Amino acid sequence: MEPFQYTKPATVNDAMTSVAASGAKFVAGGTTLIDLMKLNVERPTALVDINILPLDRIEPQAEGGLKIGAMVRNSDLAHDSRVQQMYPVLSEALLSGASPQLRNMATTGGNLLQRTRCYYFRDTNYACNKREPGSGCPAIDGYNRMHAILGTSEHCIATHPSDMDVAMMALGATIHLNGSAGERSVPITEFYLLPGNTPDRENVVRKGEIITHVTLPALPATAKSHYLKRRDRASYEFALASAAVILDMNGNKIRKAQIALGGVGTRPWRSPDAERELAGGDVSERTFRKAAEAALHGAKPYRNNGFKVELAKRTLVRALQTVTASA
Amino acid sequence: MKVTGAAKYGVEYALENMAWGVGVGSTIGSGKIVSIDSSEADKMPGVLAILHHGNTQKLYRPANSFEENSRPGESRPPFEDDQVYYYGQFVALVVADTFERAQAAAFRVIVKYDARKPDVSTDELTPKDPPSIKYERGDVDSALGGGAAKLDVTYTTPVETHNPMEMHATIASWTKDKLTLYETSQGVVNHRNCAAEILAIPLESIEVISRFIGSGFGSKLFPWPHSWMAALASKQLGRPVKVSVPRTMMFTTVGHRPFTRQRIQLAADTNGKLTAFQHEIFQPTSMVDDYVENCAQVTSMLYSCPTAGCPVPDSQEYWHSHSDAWTGPHALAFRDRIVVG
């Protein structure tokens, strides 16, 4: 860990000013950042502690839906009765992640910004295009069992490891930021960047900006949602494949679907192709399987992660079966 | 007792004037150290010494004998020369007045290597020489050919690393010429004997203390290089030095069970009684120590069977082997298979 300056602003404006300085980063729950600082992957020269900023409320919106402050802890969000009632997929996704201790510390904003678990990224003895653009990607020809099969490039195949972000991707969340150029909002579908030839750039947050809150649109009363996560261990483990599914039902036909996959993409993977197969479809394994084939169309496996293609399909099918079987 | 602090692990003693040592591990699997640049680390706050093969006193290789109770985990002492035998081998020890300072300085030590490509593929492993027969009774080859029922199966076991809750660690403290080692050890007598031989000091001048350990699973039967690094640093600085092996280096510097490939052949008569049994083991061993897992030890004693053989090919390969945990259960699994067939 490198030495750093430490400040703890009390207002959002002060936080924005502090973090605009070169080498400064926010620390909220610290559940990704402190780890990476201990590994010398992240080396901020200044930490701006935002834990006392007044951004920790969950409030209903006038137009429906919820407004979630960036500092709301993952555990509080998961256990909120409104979240459990309106967005089961979000609560289930949060509770499938990490451990209770981590969930108590981790924040909504921090979760959106979490970084990959790629072991080459996390070990400074290896080259890594994400850490040092142009240095190479040892994962592509290395041990890549946990790596992505969707959204990869010849420069980076690192998986985005989050659960909450996948659920929010399916929900069509909007992320609200504030910075020196003022406030702006970004749909989550535009928030994450593909690695391409700039794997060091993961999202559209600008220097000096802070995520203030996330808004979730209301779902119709006829909608049901679910999150299914598949991994080596039953707990405290990242996804090999996961599926966030939201179905708006018209009797026993699917009116509309919102589908996102986790554990398989370089970013939370929204699947319009799967959604198209499901829209207007019946509740049947045949329909679900067609959607899964569409979702994974074009997936590119690597030496150790070919199993993820079929695993992701079956995970999606199972998630759809579960959500349509529930009352 | 543990929760109240009444049961201390070896490394939980706070000695007066104690310093902390943090190891620097090699980042190549095989090769040579070309240079160690500690110029920046030397100047960092609290740094007391940076030990490596270029500036430490000579240590000796011990008798390395299980029977004589002088068996180290690794017979090569740390900093013996500029050779690197495995990834994560200690190439330097940074000692400072706090753990955080030692760790920060360790990150700043720049080691340059002349790397060789290590051979790490087990798929293409073929022994160059015929196997040595570790145990044999009867004419195995003919008996295997003659049974009414036969079985020929090959199993593999993966590399396994012990990860006890309490990591390996040592506090070394000298008073005049007497050395006290606070250890986490399953064999303090063996540890003391090794210390005497490696450090070349009289047996009576060493005390090894290990009151409670947080599991070992065999990895704490024999001493590992960090123990000697702590002793060296403590001698050089004239104050106690604590060296703890971090969790990441528990996978590299304190041994593991090697990959094994085991071929078991059985023959039985029409009543299901075993007439022949052969258990072949193929495994990589260490570049430093010629260590063989006792996979077939149980097999030779397990069944009433007139003919049996346990050939083990000798194979000088890579990695760091250790642990004499055996892999006998495979023999039992096969017995069930042949009876049902």
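Residues numbered from 1 in each chain as written. Chains lettered and ligands numbered in written order. Predicted model: local features only at pLDDT ≥ 70, side-chain atom pairs only at ≥ 80, totals over all residues.

1. Let's talk about the overall build of chain A
Across its full length, chain A carries eleven helices and twelve strands. Here the C-alpha atoms of chain A give a radius of gyration of 19 Å, agreeing with the 20 Å that 2.2 N^0.38 yields for 327 residues. For chain A, the spread of C-alpha atoms along the principal axes amounts to about 60 × 50 × 35 Å. By sequence separation, contacts in chain A at least 24 residues apart represent 65% of the contacts at least 6 residues apart. (Helix = DSSP H or I, 4+ residues; strand = E, 2+ residues; numbered from the N terminus. Rg over C-alpha atoms; globule rule 2.2 N^0.38 Å. Contact = placed C-beta atoms within 7 Å.)

2. Considering the overall build of chain B
In terms of regular secondary structure, chain B is built from seven helices and 15 strands. Burial analysis of chain B (341 residues in total) assigns 41% to the buried set. Considering only residue pairs separated by 6 or more positions, chain B has 82% of its internal contacts joining residues 24 or more positions apart. (Buried ≥ 20, exposed ≤ 12 C-beta atoms within 10 Å, placed from the backbone.)

3. Examining the environment of Asp-82 of chain B
All names here are of chain B. Along the chain, the position of Asp-82 falls in the loop between strand E3 (47-52) and strand E4 (83-84). Distance in space between the C-alpha atoms of Asp-82 and Glu-166 is 30 Å, their sequence separation being 84 residues. With near-sequence residues (within four places) excluded, Asp-82 lies in contact with Lys-32, Ile-33 and His-53.

4. Let's talk about helix H8 (residues 164-171) of chain A
Residue and element names in this part refer to chain A. Burial runs high along H8: eight of the eight residues are buried. Every buried residue belonging to H8 is among Met-164, Asp-165, Val-166, Ala-167, Met-168, Met-169, Ala-170 and Leu-171, and all of these are buried. Trailing H8 by a residue or two, Gly-172 shows a phi angle of about 70°, which is positive.

5. Let's talk about the environment of Val-24 of chain B
Residues and elements named next belong to chain B. Residue placement: Val-24 occurs in strand E1 (residues 19-25). For Val-24, a count of 24 C-beta atoms within 10 Å translates into the label buried. Residues Val-24 and Gln-89, spaced 65 residues apart in sequence, show a C-alpha to C-alpha distance of 8.1 Å. Discounting chain neighbours no more than four positions away, the residues touching Val-24 are Val-91, Ala-92, Val-94, Ala-106, Val-109 and Val-111.

6. Digging into the domain arrangement of chain A
Residues and elements named next belong to chain A. As assigned here, chain A comprises domain 1 (5-49), domain 2 (58-113 + 163-216) and domain 3 (223-325). Each of domain 2 and domain 3 was reduced to a C-alpha centroid, and the two centroids are 21 Å apart. Taken together, the contacts link 20 residues of domain 2 with 19 residues of domain 3. Broken down by element, the residue count for the side of domain 2 that touches domain 3 peaks at six residues, all from H8. (Domains from an automatic or database assignment.)

7. Points about the confidence of the model for chain B
Low pLDDT means the predicted atomic positions in that stretch should not be read closely. Residue and element names in this part refer to chain B. For chain B, the mean per-residue pLDDT works out to 84, and 81% of the residues sit at or above 70. Within the model, the stretch residues 314-341 combines pLDDT values under 50 with 76 contacts to residues more than four positions away or in other chains. With pTM at 0.85, the complex prediction returns an ipTM value of 0.77. (pLDDT = per-residue confidence, 0-100.)

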